[in-house]
Amino acid sequence: MTHENPYRDVPSSDFDPYATEVLADPYPHYERLRELGPWAWLERYGVLAVARHDEVQRILSQPDVFCSSAGVGLANFHTEKPWRKPSIILETDPPDHGRTRKVVARVLSPASIGRLRATFEEVAARMVDELVERGSFDAAKDLCEAFPIKAFGDAVGLPAAGRQHLLPYGDMVFNGFGPINERFRSRMESAGETVDWIAKVCQRDALTKDGLGAQLFAAADAGEIEHEEAGMLVRTLLSAGLDTTVFTLCNAIQSFGRHPEQWALLREDPSMARQALEEVLRYDSTFHSFYRTSTRDVELGGITVKAGQKIAVFIASANRDPRRWPDADRFDVTRRATGHMAFGTGIHGCAGQMMARLEGEIVLTALARRVESIRLDGQPVQHFNNTVRGLKSMPVTVTPLSVAVH
Ligand code: OVV
């Protein structure tokens, strides 16, 4: 089925961001989309799309005109029923958004997160020591999944049992921002136990007394939010905080495995870890797209967007836009990658970005101090999801540094 293009000045495209072959390597497709102009009409889905850095930034910077309360996926909450209760932070607009965002921002502030550093470093050191000892392992499962599930899971205050539900839940959420396709349906078929476990651990009595979850409930005690809202914000931490960091770690190790000269730079100077992570986020962004919906007729990028229009925002494409980045398709940890859109921007910019950076920096530093070289043993196996891009499996062999740098 194709949807008729109501915009005279916007080229139509049969681009399908959710096709398996596109997800396998979206970058040449993004380039074609950017070359079409500032806007494209995606006739398969009946939505406008932006793929250039400039338009992506402009849209995300006007949350009153390009709103989130109609959902940040393909589904329009004004006309379609959401598959789960809308998020009270992601899928809301000002002024409601500000109240919940303020609480989450405090719980995930640099000060709050700084207190986790020493523990995260111990977890990473222990895991990486053991993996380097083994030499060959599945970097996706044994490190990129294992680290956030342990470190972030403990930080939130989750019970140890049942954490195998975390990634499948995130997979559901991120598939849910796309069309109701086979990828989403097959995930939902086995959803029952997972959704039940998530609901259970969003309750105060399931959480430790000193974790990030408990801090959300403390904000409810202080009257900033309702107690039920605290539980909903724990759900946000669990929805947004696992698959994203897992895949970012996967994409980092994959990029370094493919660019050994870049690994050599980091290994020689592990203090570059944070900067290198920014380049990973720019070069192979985890979060590929989400949507905004116009609240009124509005001019942008040479057209008048009609009120109530769903707009696909390709942030991973903005991060490869040659209009913004010299040699955009080159992975170069020495470049200034700040200004990338991997965490979005504006009032809905990722609230957990300092947590994500801390986790990424700590894992990359732990590796850089111990690992001479990373060899990919065969093709990594991709995890296909409608919104986030990462790996299911990545067999690697690492050689230890003869003298570990500490
Ligand atoms: C940023 C993000 C992703 C997925 C879910 C949520 C947020 C949420 O608030 O539930």
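These numbers were taken from a predicted model, which means no experiment stands behind them. (Residues numbered from 1 in each chain as written. Predicted model: local features only at pLDDT ≥ 70, side-chain atom pairs only at ≥ 80, totals over all residues. Heavy atoms only, no water.)

Asks: How should the packing of helix H8 (residues 166–175) against helix H12 (residues 227–240) be read in this particular structure?
Replies: Two measures define how a pair of helices packs: the angle their axes make with one another and the distance between the axes. For the pair H8 and H12, interaxial distance at closest approach is 8 Å and the crossing angle is 90 degrees. The angle between H8 and H12 falls in the class roughly perpendicular. Judged by residue contacts, Leu-166, Tyr-169, Gly-170, Val-173 and Phe-174 of H8 engage Arg-235, Leu-238, Ser-239 and Ala-240 from H12. (Axes fitted to C-alpha atoms, helices over the stretch in contact; angles between N-to-C directions. Helix = DSSP H or I, 4+ residues; strand = E, 2+ residues; numbered from the N terminus. Parallel < 35°, antiparallel > 145°, perpendicular 65-115°, else oblique. Contact = heavy atoms within 4.5 Å.)

Asks: Can you help me understand the state of the cysteines in this one?
Replies: As used in these notes, a disulfide is a covalent bond between sulfur atoms, one from each of two cysteines. By the definition in use, this model includes zero disulfides. Cysteine Cys-202 is unpaired, with the sulfur of Cys-350 as its nearest cysteine sulfur at 18 Å. In this structure Cys-202 comes out as buried when scored by relative accessible area, which is 9%. (Disulfide = S-S within 2.5 Å. Buried < 20%, exposed > 50% of the residue type's maximum accessible area, 1.4 Å probe, protein only.)

Asks: Is there a simple way to think about the sheet that holds strand E13 (residues 395–400) in this case?
Replies: The strands making up a sheet associate through backbone hydrogen bonding, with each pair oriented either parallel or antiparallel. If you walk across this open sheet you meet the three strands as E5-E13-E10, and the pairing is antiparallel. Each of the sheet's edge strands pairs with one partner strand only, and the pair in question is strand E5 (136–138) and strand E10 (371–376). The average undirected angle you get between the axes of adjacent strands in this sheet is 30 degrees. Judged from the five bridges that link them, E10 and E13 form a sheet pairing that is antiparallel. (Pairing = 2+ DSSP bridges.)

Asks: Would you take a moment to explain the pairing of strand E6 (residues 289–294) for this structure?
Replies: Across the six residues that make up E6, a large majority, six, are buried. Residues of E6 alternate between two faces, with Ser-289, Tyr-291 and Thr-293 on one and Phe-290, Arg-292 and Ser-294 on the opposite face, all of them buried. As judged from the two bridges shared by strand E4 (residues 66–67) and E6, these two strands associate in the antiparallel manner. Looking at the pairing, Cys-67 lines up with Thr-293 of E6. Both E6 and strand E9 (residues 310–314) contribute to a ladder of five bridges, which runs antiparallel.

Asks: It is not clear to me how the packing of H8 against helix H10 (residues 192–201) should be interpreted in this structure. Could you clarify?
Replies: The geometry of H8 relative to H10 is characterised by a closest axis approach of 9 Å and an angle of 105 degrees between their N-to-C directions. In terms of their interaxial angle, H8 and H10 are classed as roughly perpendicular. On H10, the residues that touch Leu-166, Pro-168, Tyr-169 and Met-172 of H8 are Thr-194, Val-195, Trp-197 and Ile-198. Each residue belonging to the contact of H8 with H10 can be placed in one class, and the counts come to seven nonpolar, one polar and no charged. (Nonpolar A, V, L, I, M, F, W, Y, C, P; charged D, E, K, R; others polar.)

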